[in-house]
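Residue-level structural notes
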Amino acid sequence: MSFSEAFNIAAPYYNLALVAILLYLFFRLFTIKNKGPGLRPWKLVFFGVLIFIVEEIFTILRSAGVINIGRYINGFFELAIVILFIYTLLEQKELLSKRGKR
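A brief report on the enclosed structure follows. Note that the structure is a prediction, hence the values are computed from the model and not measured. (Residues numbered from 1 in each chain as written. Predicted model: local features only at pLDDT ≥ 70, side-chain atom pairs only at ≥ 80, totals over all residues. Heavy atoms only, no water.)

1. Focus: the overall build of the chain
Selection rule: Strands are runs of DSSP state E lasting at least 2 residues, helices are runs of H or I lasting at least 4, and numbering of each runs from the N terminus. Only C-alpha atoms enter the radius of gyration, while the globule expectation follows 2.2 Å times N to the 0.38, with N the number of residues. With a 1.4 Å probe rolled over the protein chains alone, any residue whose accessible area is under 20% of its type maximum counts as buried; one over 50% counts as exposed, and the rest are partly exposed. Throughout, a residue-residue contact means that at least one pair of heavy atoms, one from each residue, lies within 4.5 Å. Only the protein chains shown count as cover for residues, and all accessible areas are computed by the Shrake-Rupley method using a 1.4 Å probe. Charge assignment in this entry is limited to Lys and Arg as positive and Asp and Glu as negative, and neither His nor the chain termini are counted. Taken as the charge centre is NZ of Lys, CZ of Arg, CG of Asp or CD of Glu, depending on the residue.
Within the chain, the secondary structure is distributed over three helices and zero strands. Mapped from its N terminus to its C terminus, the chain presents α and β elements in the order α-α-α. Relative to the globule expectation of 13 Å for 102 residues, the C-alpha radius of gyration of the chain, 17 Å, shows a markedly less compact shape. With respect to the principal axes defined by its C-alpha atoms, the chain has extents near 60 × 25 × 25 Å. Burial status across the chain gives 25% buried among its 102 residues. In the chain, the share of contacts with a sequence separation of at least 24, taken over all contacts with a separation of at least 6, comes to 61%. Entry remark: accessible area of the chain is about 7700 Å², with carbon and sulfur atoms responsible for 69%. With 12 positive and 6 negative side-chain charges, the chain shows a separation of 17 Å between the mean positions of the two kinds.

And the structure:
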């Protein structure tokens, strides 16, 4: 087995390990008592991370041979993530422009 093949097998697993750390950080963010109006963009980013988790689980299950779905499904997940992140940037821009007008 070459290095790139081994890397392709291991990548989804360490991606999920890093996402576990990210989920802990989101948990800490969402349990803050004094939240304020700036939390909505972070909720959208969190939803994008959840979509990424589903995508990685499908990738692992496909590589293990448990499910048989096409690789094009990943493109739909990634498109949804990019759309969410763009919308998050627009929400953040609107939030900052409202704060500047006060």
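2. With respect to the packing of aromatic side chains
Selection rule: For Phe, Tyr and Trp, where Trp contributes only its six-membered ring, two rings pair if their centres lie within 6.5 Å, and the inter-plane angle classes them as stacked under 30 degrees, edge-to-face over 60, or tilted in between.
For the structure on display, the rule yields eight aromatic pairs. Ring geometry for Phe 26 versus Phe 46: centroids 5.2 Å apart, planes at 65 degrees, classification edge-to-face. Taken as a pair, Phe 26 in helix H1 (residues 3–30) and Phe 46 in helix H2 (residues 40–64) lie far apart in primary sequence, 20 residues in all. Taking relative accessible area as the criterion, Phe 26 reaches 5% and is therefore assigned buried. Residue Phe 46 is classed as partly exposed on the basis of its relative accessible area of 24%. Their ring planes at 90 degrees and their centres at 5.4 Å tell us that Phe 30 and Phe 46 sit as a pair that is edge-to-face. Of the two residues, Phe 30 sits in helix H1 while Phe 46 sits in helix H2, which places them 16 residues apart along the sequence. A residue is classified by how much of its surface remains accessible, and Phe 30, at 22% relative accessible area, is partly exposed. Taken together, the ring pairs connect Phe 26, Phe 30, Trp 42 and Phe 46 into an aromatic cluster.

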